Amino acid sequence: MAWALGLGILAAVLSARGALSGLEWRAYDHQLAARAPGVPPRDIIVVMIDDSCLDRLGPWPWPMSRHADLVRRIAGAEPRAIVFDILFFGGTARDLAGRDGSAPLGRAATAPGPTPATSRPVAETPEFADALRDAGNVFLAMCFLQGEHPVELGPYGLRMAELRQPPPELGSAAAGAGAVNVFPERDGVVRSAPLVMDHGGEPIPSLALEVIRRIEPAPDVRIGTTGRRCSVRLGDTSIPLTRAGEMLISYAGGYKVFPWVAYDEVLAGQVSPERFRNRIVLVGFTATGLSDTRPTPLAPACPGVEINAHVMRTILESDFIRPLGAAGNALLALGIALALGLALPRLRPFGALIGAGAVAVLIVVVSVYLFQRAGLWINVVTPALTALAVGLVVAADGYRVSDREKIRTESSLGTLALATRMIAASTSRQPVLDAVREEITQLVGARQTDVYLMDLDGEELVLADGGRDARVRVGGGTLGRVGQEGVPLLTTDATADAALAREVAQAADFAVGPVAFIPLRRQDQVVGVVQVVRRPGEEAFGERDLELLNALSQEAAVALENVELYEKLEGKVEIANRELVKAYSQLALEKDRVEALLENMADAVIMTDTDDRVLYVNPAAERMFRVSGREVEGDPLAEHFDVGGLPAVAESAHDADGELVTGQVVIEEPKRLVLTANAALISDDQGRPVGVVTVLSDVTLLQEMSDMKTEFVSLVSHELRTPLTSVQGFAQTLRSDVEGHFDAATRSEFLEIIESECHRLLTMINELLDASRIEAGRELPMNWGQVSITAIADKLVKLHSASAEAHTFEVDFPADLPTIEADGDRIEQVLTNIISNAIKYSPDGGVVRISGRREDGEVLISVADHGLGMTEAQRGQLFQRYHRLESDASKRIRGTGLGLYLTKGLVEAHRGRIWAESEGPGKGSVFSFALPIQRPGENDAAGGA
């Protein structure tokens, strides 16, 4: 009886301290899931702010005017209440009051603290406050912040230190406000929600309770304390609460049982107003990162607004779950323990187990019935485990008594079973020795068993116990003589022989009475001695004990021999295993090398099987075709790679008899790529085809360069043909005038045109030659001298002013701008190209500003225009050969594409640098270059005016 009462008290204490909470909550979750789902609620509808809303309406926070618009649209349908499960923080702390002027149930001051993840600071706006005031039934959320203060229990539930309220202007306009805090259990699952929280000794209602007490016709909500516990009554109904002021949520209907509509759909008028009529409209987050998502017994991830809706539904429908309580569960466990402690000992051991199991099943059935029918939750784990524990203890005690008799009557059978178990117990020496000591000690009722094994030289018996160092010489002492002669020896009292007592004391550190020494034999050779001892006054070893000990010792010797053989075999296996591991490591290394090569190749690799289904795609192919290798594996090649004839190239490799098949693949969207495809058939070791590997190399740049060269040759041919045509035409005209129809002035004009076109032709040829020298890496011929940038700029402005009437030129050079040591013709060529580009790429005219300044031993020259401008990508390609600015506005502007390339080469030939800047298309460009004042390679200081 005492032990049964002790088990009951232990179970009650473990349950009260939460040691069994994991099992209890699992049982509760199963009962809740098996509960009837109930009728889907029609008095609550949820307006959700999901990821799609954020995509369509923009990131959070939103303007308060948008919330005002939502309130007006919903209020027009005459809902019972509009509840914002959103935290609007800001302003200063004030007491909240309802629309009717009544004070809230609790008062609190706003305390500083971290903002919850689902809230965002917002500014108060009169428009939203007016919408709340006009609606008259809008409720806002408050939030407690735990911060660094530990959670304690006050008279009204969980005592919280920091309360965050809505801004005063919104709080005074709302119909009421309540806290939205939810605290999960230890396993992170939300099964209950606080209806009341303690703040400064005053009750603060939850948002759900605040809404219901305001909208019900006569709710008569009363919050008080009973003893040291909080109590809440709705009229004549008392809401069952835990010690922490929390109510168990029924979750009837499961996950997403409530009607859901999207926030933006309500704003757009896509939701019928009738859906909100006479309902509680709950507005909250389901968007990723904004929703306070927590697991519930029926859903692994449930948004907070859904949990709040279940809280309201539970209160509205009085669908309460009443916990039995810690005291009730403790009394139940004690009663079951006492009842079974009296009844089960009368049954046989097996009957006690059956009876305890039946009682446990009955407890489970009754508790499930009460939960389903009456909503009463009993911690079924505690009484059920108590019943099973009492049954196990009773059964164990019965089996202990029967086992004692069984050992005495069936010792021979036990010996045989033990020997078999020892031989098959383990393949290593120490476990066998441990089993020998343990089984012999239990079998013959000894106090301790020790095993001495013969050393390799056969001269000493060594105690096989890693914790002691005991040795006996073979032939010396009682144990040594047994090891030498191989004859068992029994003594009735070791204390009668001082030498024997000292010998036994090497292994046994307590007073020893009867002792038995049993030799271990293997093939007529003694390999050890077993020493078995009892305490003084205990029964001496008899003939029956000796028979059992002899049998066990022989089987122990066989087991040790097997272990020795196994260890030798294990050594050979270990050597073979190491060789296998080494070979596997080498194979894995080669595999890693191949994988690393494929993973890091710049070329795309696609492997298909004999049915042209994708087997492997390397990262380069994933980036090139914008696919995921895992998603396309197993799919037909044409399903994801049907571009530019790629499937045809791969298919043709099947009929190529192992020859390489080459083709060109062009991808137009989203970016034009020109690829060279090489496909080859792959076969296994027996020559059977297993698939095709296709390697695609990106030759887009080479193709573009080829296209640009072709276009360049065509353009240069055209540009060269134009002056040659003029020269040929005017020369033929002069030659054909044999009768002298043209006067001297006309002839002079024709000759001037021929000379000008020849100069133009020579300039183009020189540019081509210079570009060729730059491309070949050869130095340009330079005529060094002192050059005035100001003079060159003035000259070029006068020259271009005559032909560029739509443009205005501004020159801004300081009076003390120094001359530089450079090739004047080359610098004039550089500045000419830049100014010409500024004029050409400003087709609508505008100001071309040429400026310069001295800076750190250099002269910086800039030419700015208000023309077409360029993008960042276009700016990166400006100074490449054959490249021209590609845009709709620049298509009619002709050029060879060598001007800026040559300009950059000329500037760098002077050891200078050149760059371009633009804020974007249509915003003009600024081309700048910097030249050293002193000739590169000279040691004289820069100077000159």
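One can find the structure itself at the top, above this paragraph.
Okay, so let's go over this structure. Computed from a prediction, not measured in an experiment: that's the story for all the values here.

1. Overview of the sheet that holds strand β31 (residues 661–667)
Now for step 1: Read across the open sheet, the five strands follow the order β30-β29-β33-β32-β31; overall the sheet is antiparallel. Here the strands that pair on one side only, and so sit at the sheet edges, are β30 (614–617) and β31. In this sheet, adjacent strand axes meet at a mean angle of 25° when their direction is disregarded.
Now for step 2: Where β31 and strand β32 (residues 673–683) come together, seven bridges link them in antiparallel fashion. The residue bridging V665 from the neighbouring strand is L675, located in β32.

2. A few points about unusual backbone geometry
Now for step 1: The omega torsion of the bond from W60 to P61 falls at 5°, within 30 degrees of zero and hence cis.
Now for step 2: By the secondary structure assignment, P61 is in the loop between α3 (51–57) and α4 (64–75).
Now for step 3: Positioned with a positive phi, E78 is a non-glycine residue whose angle comes to about 60°.
Now for step 4: Tracing the chain through its elements places E78 in the loop between α4 and β2 (81–84).
Now for step 5: In this model, R911 sits at a positive phi of 60°, which is unusual for a non-glycine residue.
Now for step 6: Inspection of the secondary structure assignment puts R911 in the loop between α27 (899–909) and β39 (913–917).
Now for step 7: Judged by relative accessible area, R911 falls into the exposed class, the value being 57%.

3. Section: the pattern of salt bridges
Now for step 1: Applying the stated criterion to the full structure yields 26 salt bridges.
Now for step 2: The closest approach of N and O atoms between K904 and E908, which form a salt bridge, is 2.6 Å. Remark: E908 and K904 occur in helix α27; sequence separation between them is four residues, near one turn of the helix.
Now for step 3: Look at E908 and you get partly exposed, because its relative accessible area is 39%.
Now for step 4: A cluster of three or more residues bridged by salt bridges with shared partners is formed by R26, D29, D187 and R191.

4. Overview of the environment of V674
Now for step 1: Looking at where V674 falls in the secondary structure, it is placed in strand β32.
Now for step 2: When the C-alpha positions of V674 and S697 are compared, they lie 8.4 Å apart, and in sequence the two are 23 residues distant.

5. Looking at the sheet that holds strand β27 (residues 515–522)
Now for step 1: Within the open sheet, the six strands sit side by side as β25-β24-β23-β28-β27-β26. Their pairing is antiparallel. Two strands in the sheet have a free side with no partner beyond their single neighbour: β25 (471–473) and β26 (489–491). The sheet shows a mean angle of 20° between the axes of neighbouring strands, taken without regard to direction.
Now for step 2: Examined bridge by bridge, strand β23 (residues 448–454) and strand β28 (residues 525–533) share six bridges and lie antiparallel to one another. Counted as the bridge partner of L453 is G528 from β28.
Now for step 3: Each of β23 and β28 touches helix α14 (residues 429–443); the most contacted strand, β23, lies at about 140° to it.
Now for step 4: Its contacts with the sheet place helix α17 (residues 543–600) against β23, β26, β27 and β28, and it is angled at close to 40° to β27.

6. Some details on the packing of helix α7 (residues 207–215) against helix α9 (residues 304–316)
Now for step 1: Between α7 and α9, the least distance of the axes is 9 Å, while the angle of their chain directions is 45°. By the angle between their axes, α7 is oblique relative to α9. Taken as a pair, α7 and α9 cross one another with a handedness that is right-handed. Residues L207, A208, V211 and I212 of α7 touch α9, and the partners they reach there are N308, V311, M312, I315 and L316.
Now for step 2: Among the residues making up the contact of α7 with α9, the classes are represented as eight nonpolar, one polar and no charged.

7. Side note on a nonpolar patch on the surface
Now for step 1: Together, F350, L353, I354 and L392 line one region of the surface with nonpolar side chains, adding up to about 400 Å² of accessible area.
Now for step 2: Of the residues forming the nonpolar patch, the biggest block, three residues, is contributed by helix α11 (residues 349–374).
Now for step 3: In this structure, L392 sits in helix α12 (residues 381–409).
Now for step 4: By relative accessible area, which is 52% here, L392 ends up exposed.

8. What to know about the side chain of T608
Now for step 1: Here T608 lies in strand β29 (residues 604–608).
Now for step 2: If we ignore the near neighbours within four places in the chain, the residues touching T608 are R613, V614, L615, L637, V690, G691 and V692.

9. What to know about helix α10 (residues 326–343)
Now for step 1: For α10, which comprises 18 residues, the first-to-last C-alpha distance of 26 Å matches the rise-based estimate of 26 Å (1.5 Å per residue) to within 8%.
Now for step 2: Of all the positions in α10, only N329, A333, I336, A337, L340 and G341 are classed as buried. An end-on view of α10 places all buried positions within 130° of arc, on one side of the element. In this structure, α10 carries A327, L331 and L342 as exposed residues pointing more than 90 degrees from its buried face.

10. Some points on the packing of aromatic side chains
Now for step 1: Within this structure, the stated rule accounts for 10 aromatic pairs.
Now for step 2: Centre to centre, the rings of W25 and W377 are 5.0 Å apart; their planes meet at 25°, and the pair counts as stacked. Here W25, found in helix α2 (residues 21–34), pairs with W377, found in strand β22 (residues 376–377); they are 352 residues apart in sequence, far enough to count as distant.
Now for step 3: For W25, a relative accessible area of 13% gives the class buried.
Now for step 4: Through a chain of ring-to-ring contacts, three or more aromatic side chains come together here, namely W25, Y28, F371 and W377.
Now for step 5: A cation over an aromatic ring shows up here: K256 above the ring of W260, its NZ or CZ 5.6 Å from the ring centre.
Now for step 6: Taking the ring centre of F541 as reference, the NZ or CZ of R534 above it sits at 4.3 Å.

Criteria and thresholds
- The written sequence of each chain sets the order in which its residues are numbered from 1.
- This being a predicted model, a pLDDT of at least 70 is required before a residue's local features are given, and a value of 80 or more before pairs of side-chain atoms are given or counted; all residues contribute to the totals for chains, interfaces and linings.
- Only hydrogens and water are set aside when side-chain values are computed; all heavy atoms of the structure are taken into account.
- Two strands qualify as a pair provided that DSSP identifies no fewer than 2 bridges between them.
- Labels follow the DSSP assignment, with helices taken as runs of H or I lasting at least four residues and strands as runs of E lasting at least two, numbered in each case from the N terminus.
- Axis definition: a line fitted to C-alpha atoms, over the contacting stretch in the case of helices. Angles run 0 to 180 degrees between N-to-C directions.
- With a 1.4 Å probe rolled over the protein chains alone, any residue whose accessible area is under 20% of its type maximum counts as buried; one over 50% counts as exposed, and the rest are partly exposed.
- Salt bridges, as used here, are contacts in which a Lys or Arg side-chain nitrogen is within 4 Å of a carboxyl oxygen on Asp or Glu.
- Two residues form a contact once any of their heavy atoms are found within 4.5 Å.
- Just so you know how the angles are binned, under 35 degrees is roughly parallel, over 145 roughly antiparallel, 65 to 115 roughly perpendicular, and the rest oblique.
- In this scheme the crossing of two helices becomes right-handed for a clockwise turn of the near helix relative to the far one and left-handed for an anticlockwise turn of less than a right angle.
- Polar here means any residue outside two lists: the nonpolar Ala, Val, Leu, Ile, Met, Phe, Trp, Tyr, Cys and Pro, and the charged Asp, Glu, Lys and Arg; Gly therefore counts as polar.
- Here, patches come from residues exposed beyond 30% relative accessible area and free of salt bridges, joined within 9 Å for like charges and within 5 Å for nonpolar side chains (Val, Leu, Ile, Met, Phe, Trp, Tyr).
- Note on areas: Shrake-Rupley with a 1.4 Å probe; residue coverage comes only from the protein chains shown.
- A helix's residues, less one, multiplied by 1.5 Å, set its expected span.
- Here, the arc refers to the directions that run from the helix axis to the C-beta atoms.
- Ring pairs are drawn from Phe, Tyr and Trp, using the six-membered ring of Trp, whenever the two centres fall within 6.5 Å, and their geometry is named by plane angle: stacked under 30 degrees, edge-to-face over 60, tilted for the rest.
- By definition, being over a ring means that NZ of Lys or CZ of Arg is both within 6 Å of the ring centre and within 35 degrees of the ring normal.

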